[in-house]
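Okay, here's what each chain looks like letter by letter:
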Amino acid sequence: MSHELTIEPLGRTIEVEDGQTVLDAALRAGIFLPHACGQGYCGTCKVTVTDGEVDHGRASNFALMDYEREEGLCLACCATLESDAVLEAEIEVDEDARDIPVRDFHGTVSRIESLTPTILGLWIRLDGGDTIDFQAGQYINLQLPSDIGVRAFSLANPPSASGEIELNIRIVPGGAGTGWIHRSLKVGDRIGLTGPYGRFFVHKSAGVPSLFMAGGSGLSSPRSMILDLLEEGSPHPITLVYGARNRAELYHHDEFVALAQRHPQFTYVPALSGEPEDSDWTGFRGHVHEAAKAHFDNDFRGRKAYLCGPPLMIEACIAALMQGRLFERDIYTEKFFSAADAQQVRSPLFKRL
Ligand SMILES: Cc1cc2nc3c(=O)[nH]c(=O)nc-3n(C[C@H](O)[C@H](O)[C@H](O)COP(=O)(O)OP(=O)(O)OC[C@H]3O[C@@H](n4cnc5c(N)ncnc54)[C@H](O)[C@@H]3O)c2cc1C
């Protein structure tokens with residue numbers, strides 16, 4: 001059984017299956033609705049239902065307050081239809097965005113590597129020579145055992161290498177999904193995934209320098225975006241400021257050092273926040289936002305910044321960038337929301353997310 005959903009202001013009507021979320025149906029039909037966590041934690045996918053009935057599913061009470069439910073709002077990533085419906089969404093048109101319909105994929109784990117003591121590299125070869133079309137910076141939902149569900153992971157490989165995807169997965173203390181991946185997943189196991197998701201990509205048409213700021217496993221998207229830009233021969237300056245706690249947690253380090261040597265337009269600034277004082281580390285000591293402030297002498301004007309990682313790191317980076325005179329319109333973020341963020345309020349500094 002299915003219901004019809006009309007999405008305004010596009011005026012397009014799509015079929016939504018019983019139990020299928022509004023967001024899933026829209027993305028599979030190639031209609032982009034804003035979204036971020038896909039799990040009902042963040043509220044980015046809030047839309048107004050102007051006609052019809054929805055079930056709010058597992059939308060968190062913090063991301064969708066009671067009064068908002070009464071006013072007809074819902075989270076598209078959790079809402080399922082109980083009747084035919086009409087919704088009104090704010091759909092931004094962006095000339096750099098590609099609306100790639102979401103698909104289901106199956107593959108086999110082809111490689112697992114410890115990148116750091118807490119981050120695992122996971123490679124999945126897609127079945128039958130299949131490839132996933134995506135924009136560098138986007139993510140997929142990995143299908144974990146049914147008692148865990150799906151978890152989002154950013155694609156670390158560039159779009160040119162789309163038959164075998166690479167994910168960088170940090171184990172979260174008490175985390176069901178990352179715990180299972182780190183402890184139980186093996187080379188040769190079959191796994192399903194859907195994607196591509198997200199609106200995190202390089203705004204190439206602007207033709208300005210790019211600044212990537214990442215922490216922990218947040219390096220995955222920037223790696224894909226930087227490799228893509230360098231493969232294309234982008235002439236504009238690219239800077240990566242990457243933060244980890246200590247030398248052992250710094251991964252893909254040698255690769256970025258080599259890329260910086262090969263490509264004069266690429267600069268790599270690694271920063272360690274908890275490296276022992278007596279170690280031989282000669283790079284920056286401190287957090288990502290502090291390293292960026294020092295590198296750019298606190299002046300970020302004239303560039304676009306792409307921030308990827310845990311919400312707290314992103315908050316600190318946004319504050320630093322705005323103090324360094326970069327406008328909100330030039331800052332793009334991919335927050336690695338998890339269940340722990342379900343009860344947190346969004347940044348008062350930043351209107352867009
Ligand atoms: C767009 C996007 C891209 C991402 N990309 C990556 C990536 O490339 N690499 C990566 O490592 N991660 C990435 N993440 C994060 C990843 O999807 C997982 O959410 C995260 O790793 C935790 O999953 P988990 O199942 O291990 O933890 P969960 O079981 O979901 O728990 C997470 C934390 O919350 C706590 N918790 C559980 N339930 C609750 C509750 N009800 N209230 C409060 N706290 C709770 C747990 O104890 C744990 O500490 C991404 C997330 C998003 C949204």
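Quick look at the structure, then. Please read these numbers as outputs of a predicted model, since none were measured by experiment. (Residues numbered from 1 in each chain as written. Predicted model: local features only at pLDDT ≥ 70, side-chain atom pairs only at ≥ 80, totals over all residues. Heavy atoms only, no water.)

1. Focus on the environment of P222
Mapping P222 onto the fold places it in helix α4 (residues 220–232). Sequence spacing of P222 and F201 is 21 residues, and the spatial spacing of their C-alpha atoms is 9.2 Å. Sequence-distant contacts of P222, defined by excluding residues within four places in its chain, comprise F212, A214, L240 and C308. (Helix = DSSP H or I, 4+ residues; strand = E, 2+ residues; numbered from the N terminus. Contact = heavy atoms within 4.5 Å.)

2. Let's talk about the site of the ligand
Near the ligand there are 26 residues, and of these R151, A152, N168, G177 and T178 occur at the shortest range. One of the side-chain N or O atoms of R151 is found 2.4 Å from an oxygen atom in the ligand. Within the backbone of R170, one N or O atom sits 2.8 Å away from an oxygen atom of the ligand. A total of 970 Å² of accessible area belongs to the ligand in isolation, and the protein chains cover 78% of it. When residues of the shell around the ligand are traced back to their parent elements, those giving at least two are β11 (150–154), β12 (164–170), α3 (176–184) and β19 (331–335). A per-element tally of the shell around the ligand places β11 first, with four residues. Classifying every residue of the shell around the ligand gives 13 nonpolar, nine polar and four charged. (Near = heavy atom within 4 Å. Polar contact = N/O pair within 3.5 Å; in protein donor to acceptor, adjacent residues only side chain to side chain. Areas by Shrake-Rupley, 256 points an atom, 1.4 Å probe, with all protein chains shown as cover. Nonpolar A, V, L, I, M, F, W, Y, C, P; charged D, E, K, R; others polar.)

3. A few points about the pairing of strand β18 (residues 304–309)
Burial of β18 is extensive: six of the six residues sit out of reach of the surface. Residues K304, Y306 and C308 of β18 are buried on one face, and the alternating residues A305, L307 and G309, pointing to the opposite face, are buried as well. Alignment of strand β14 (residues 210–215) against β18, held across five bridges, turns out to be parallel. Note that in β18 the partner of A214 across the bridge is C308. As paired strands, β18 and β19 are joined by five bridges and run parallel to one another. When the bridges of β19 are listed, A305 appears paired with I331. (Buried < 20%, exposed > 50% of the residue type's maximum accessible area, 1.4 Å probe, protein only. Pairing = 2+ DSSP bridges.)

Any functional reading would require information that these geometric values do not contain.
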